[in-house]
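# Secondary and tertiary structure notes
Spelled out, the chains give:
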Number of protein chains: 2
Amino acid sequence: MIKVAIVDDHKILTEGLQGLIAASGLATVVNVAHSASECRQSLGFCKPDVLLLDVSLPDISGLDFCKEVKTEFPEIKILALTTHNEYSIVRQMLDNGASGYLIKNAMTEEILAGIKAVAAGEIFLCHEIDILMKRPKETHTWLSHREKELLKLVAEGLTNSEIAERIFLSPETIKSYRKNLLLKLDAKNTAVLVRIALEKKLI
Amino acid sequence: MIKVAIVDDHKILTEGLQGLIAASGLATVVNVAHSASECRQSLGFCKPDVLLLDVSLPDISGLDFCKEVKTEFPEIKILALTTHNEYSIVRQMLDNGASGYLIKNAMTEEILAGIKAVAAGEIFLCHEIDILMKRPKETHTWLSHREKELLKLVAEGLTNSEIAERIFLSPETIKSYRKNLLLKLDAKNTAVLVRIALEKKLI
DNA sequence: ATACAATACCCCCCAAATGGGGTTTTTATC
DNA sequence: GATAAAAACCCCATTTGGGGGGTATTGTAT
């Protein structure tokens, strides 16, 4: 029997999930938490095989929590279960050690299939996400570290010279980065740049 | 027995909800839809007393769908059930005719209490939302029609003169509006303006 | 009656962003 | 050891935005 733990702040969802998993006979729910900190306290002793993890948690980001859990308990397989269907979120989640990714409007059977697959050491993506990730690379936007850093500072409202001071670069360099960002994200100006960044969850 | 219909694209949640409502003995689920169009087709004959409605639907906005249902079937009480806890969303939902508002991490009992209350013709807000709405007016941002319109166009990347042409106003007027928006939303510049607008779901 | 909010308009000045063209160095990757 | 991508830098010209000051006209709620 696969031991499953759940972290999600939506109580109706966790209750529904518990019932669903119990009814399947495939796995047993050993712990339910509604925040990362709550989950952190119980992981040590309940030792689940699979952790169902939401990206939006009330305390810290599910992305960071995924990395944290994987560092402390590398043997626990993490299966993301969330509403986000953006490339960058899935990409980061997998890079942070997740073994699978489900979106919340996936079929019930997919959730059980996902639990089974990741428990067996496989990588599992639900249908919609699988299609998303297989799309040609050009349709996805991927920014370098520096570019992401710049984008964050721009979205915080810093001017070029303020950014330059902050990260010890020439204002001219910042200008180049911004030009590149406008090009890469196909944005006409800063307003659109910020909108796209937030919509694609790049920052 | 209260007749309840549900519209939400998260299948796990709708299944959980169905079980929960059935187990309570308070109400009976007469219909479950995963999109507005699906729901639209069934509302006519299943005639629910209460409609549990999510704000994010795959086809159209739950806000618009709320208004639509209220126009066609004024006797159906609408109870919003969603993750959004922003003032502007709640405000719009209530203005569009919703009788109640629940957030998805609310307690199970609150959902049942909400169904009971709105079926009885009352207005019901879950605890967290109640607190949010009771906060002094000054802490909420509320924009006029024109200001919202402007903000949308700014976020689309139009320059002042482009906006002026589009809505037949003087470019100087647009400048004034923008200055006001920066003040009202306490934004240093356009980048922050757009970020705040998206974060507070004002546009 | 009058005060208020919303709407629409105008001026000046300077700072900041955008668009165009570039170069060099460092750091992975094959 | 070649190659490519990322990171850092530079100049010119123009447009756009932001900060400061305003005014006038509506409608509407008290």
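All residue numbers refer to positions counted from 1 along the written sequence of the respective chain. Chains carry letters from A onward and ligands carry numbers from 1 onward, assigned in written order. It should be noted that, the model being predicted, local features are given only for residues of pLDDT at least 70 and side-chain atom pairs only at 80 or more, the latter also being counted only at that level, while totals for whole chains, interfaces and linings use all residues. Excluding hydrogens and water, the side-chain values take into account all heavy atoms of the structure.

## Describing the packing of helix H7 (residues 145-155) of chain A against helix H9 (residues 171-184) of chain A
All names here are of chain A.
- In the contact formed by H7 and H9, the axes pass within 10 Å of each other and the chain directions differ by 95°. When the axes of H7 and H9 are compared, the pair comes out roughly perpendicular. In this structure, H7 uses Arg-146, Glu-147, Leu-150, Leu-151 and Val-154 to contact H9, whose residues at the interface are Ile-174, Tyr-177, Arg-178, Asn-180, Leu-181 and Lys-184.
- Note that Gly is not counted as nonpolar here; it falls among the polar residues with everything else outside the nonpolar set of Ala, Val, Leu, Ile, Met, Phe, Trp, Tyr, Cys and Pro and the charged set of Asp, Glu, Lys and Arg. Considered class by class, the residues forming the contact of H7 with H9 number six nonpolar, one polar and four charged. Axis definition: a line fitted to C-alpha atoms, over the contacting stretch in the case of helices. Angles run 0 to 180 degrees between N-to-C directions. Put simply, DSSP H or I for four residues or longer makes a helix, DSSP E for two residues or longer makes a strand, and each gets a number counted from the N terminus. Oblique is the label for every angle not falling under 35 degrees (roughly parallel), over 145 degrees (roughly antiparallel), or within 65 to 115 degrees (roughly perpendicular). Only heavy atoms enter the contact rule, under which two residues are in contact if any of them lie within 4.5 Å.

## Things to note about the protein's contact with DNA strand C
- As a structural note, the neighbourhood of DNA strand C is formed by 19 residues, with Lys-179 of chain A together with Ser-144, Arg-146, Ser-170 and Ser-176 of chain B the closest of them.
- Put simply, 59% of the atoms of DNA strand C that lie within 4 Å of the protein are in sugar or phosphate.
- With respect to DNA strand C, the backbone of Asn-160 of chain A contributes an N or O atom lying 3.1 Å from a phosphate oxygen.
- Counting of polar contacts relies on pairs of N or O atoms within 3.5 Å, with two restrictions inside protein: one atom must be capable of donating a hydrogen and the other of accepting it, and residues adjacent in sequence are counted only when both atoms are side-chain atoms. Between Glu-172 of chain B and DNA strand C, the recorded distance is 3.4 Å, taken from a side-chain N or O atom to a base nitrogen.
- Within the residue set of the surface near DNA strand C, elements represented by two or more residues are H9 of chain A together with helix H7 (145-155) and helix H9 (171-184) of chain B.
- At five residues, the largest contribution of residues to the surface near DNA strand C is made by H9 of chain B.
- Tallied by class, the residues present in the surface near DNA strand C amount to three nonpolar, nine polar and seven charged. Near is defined per residue: the residue qualifies when any heavy atom it owns lies within 4 Å of the molecule or strand.

From the geometry alone we can't say anything about function, so treat these as descriptive.
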